[in-house]
Amino acid sequence: MKNIWQATFKKAKNILILTHVDPDADALGSAYLLRELIKKINPRARINVRLDPQHKNELNAFMQKTDITQSQDVRQKQFDLVASVDASDIDRLYGGKNQKIGVCIDHHVSNRKFAEINIIDPSAASCTLVIYDLLQKLKIKLTKTMAEYLYWGLSSDTGNFAFANTDARVFRAAYACAHLGVNPNAIYNKLNEQLSQREILDFARAVSQTQSFCRGKLSVAVIPQTLKVDNRFLIDFIRREKNAEAVVVLVEKTDYIKVSLRSKTALDVAKIAAHFNGGGHRKAAAGKIFGATLAEAKKQVVQYFRKNIWL
Ligand SMILES: [Mn+2]
């Protein structure tokens, strides 16, 4: 057998698939798509998918109830192979503590290669796209079910085919999905049009607090714990301001302030995130500020931009 990973999946009897905490549609799609791939090469294997119950609201429509469990249950069971998808770091892997990871499949540049076999493709827009590649390598025909899972990742990680990572490879895969009968509009609706009225009103409140700094080049919004707002939606919205070159959303968490950064230009926000205990991609990154209130954190971020980016 040419591929070590193929042999590894083929000989395992009891397999566990894990993904990152607070899973998104790419994490979910990747876990399910990998399960389909393993079924093809090893039909007799028992395959378990375990997901963080603290997932995003809109994913309820996609999740399979049996896949949600506490990490304790995961530890109690014995698996001869644990696979990780869409997670760059074992600390971010739900249920990953004390597990020996056999195969890691991911598309983050910052992946720490924490498994025995690491299949990392940072040029892939979604992790489902990396798994699609593996299917093609084995000449496994895409089924409609597989296409659904593949499309979840494509749609979600490219911001519905709009982010800088949207390329020909994405559209080629999306074409294959549509050709098999995947309904882009239905998936868009399930992923993006499931907010409650409260979330709409909280979103409006957060938007109305947005402030501009550095002669309009920097936009900053905050989400206090009292507001139920998805920071991705907020950051994607405020970046529409035409003069903004960098956008920051500060999210109040129980013991720190999360700093989400986006760049609309060549500015590398991964470097800025590194200053705030984080990292990520050039155009999308995140960090953490400890021991500060939301207002203090905002001051720190604005000051950093004033001193180091736009004097
Ligand atoms: Mn992803």
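Residues numbered from 1 in each chain as written. Predicted model: local features only at pLDDT ≥ 70, side-chain atom pairs only at ≥ 80, totals over all residues. Heavy atoms only, no water.

Asks: Help me get a handle on the sheet that holds strand E11 (residues 284-289), residues and values and all.
Replies: Here we have six strands laid out as an open sheet, ordered E6-E7-E8-E9-E11-E10, and mixed in their pairing. Either end of the sheet is taken by a strand with one partner, and the two such strands are strand E6 (211-213) and strand E10 (279-280). Two elements, strand E7 (residues 218-223) and strand E8 (residues 246-252), share six bridges in a ladder whose sense is parallel. Residue pairing in the sheet places Ser219 in a bridge with Val247 of E8. Each of E7, E8 and strand E9 (257-263) touches helix H9 (residues 231-238); the most contacted strand, E8, lies at about 155 degrees to it. (Pairing = 2+ DSSP bridges. Helix = DSSP H or I, 4+ residues; strand = E, 2+ residues; numbered from the N terminus. Contact = heavy atoms within 4.5 Å. Axes fitted to C-alpha atoms, helices over the stretch in contact; angles between N-to-C directions.)

Asks: Which residues make up the sheet that holds strand E5 (residues 117-120), and what are the values?
Replies: Strand order in this open sheet of five strands is E2-E1-E3-E4-E5, and the pairing throughout is parallel. The outermost strands of the open sheet, each flanked by one partner alone, are strand E2 (46-50) and E5. Each adjacent strand pair in this sheet contributes to an overall mean axis angle of 15 degrees, direction not counted. As judged from the five bridges shared by strand E1 (residues 14-19) and E2, these two strands associate in the parallel manner. Looking at E2, one finds that Asn14 is bridged to Arg46. Packed onto the sheet, helix H1 (residues 4-11) meets E1, strand E3 (81-85), strand E4 (103-106) and E5 and runs at close to 120 degrees relative to E5. Packed on one face of the sheet, helix H4 (residues 127-137) meets E3, E4 and E5 and runs near 115 degrees to E4.

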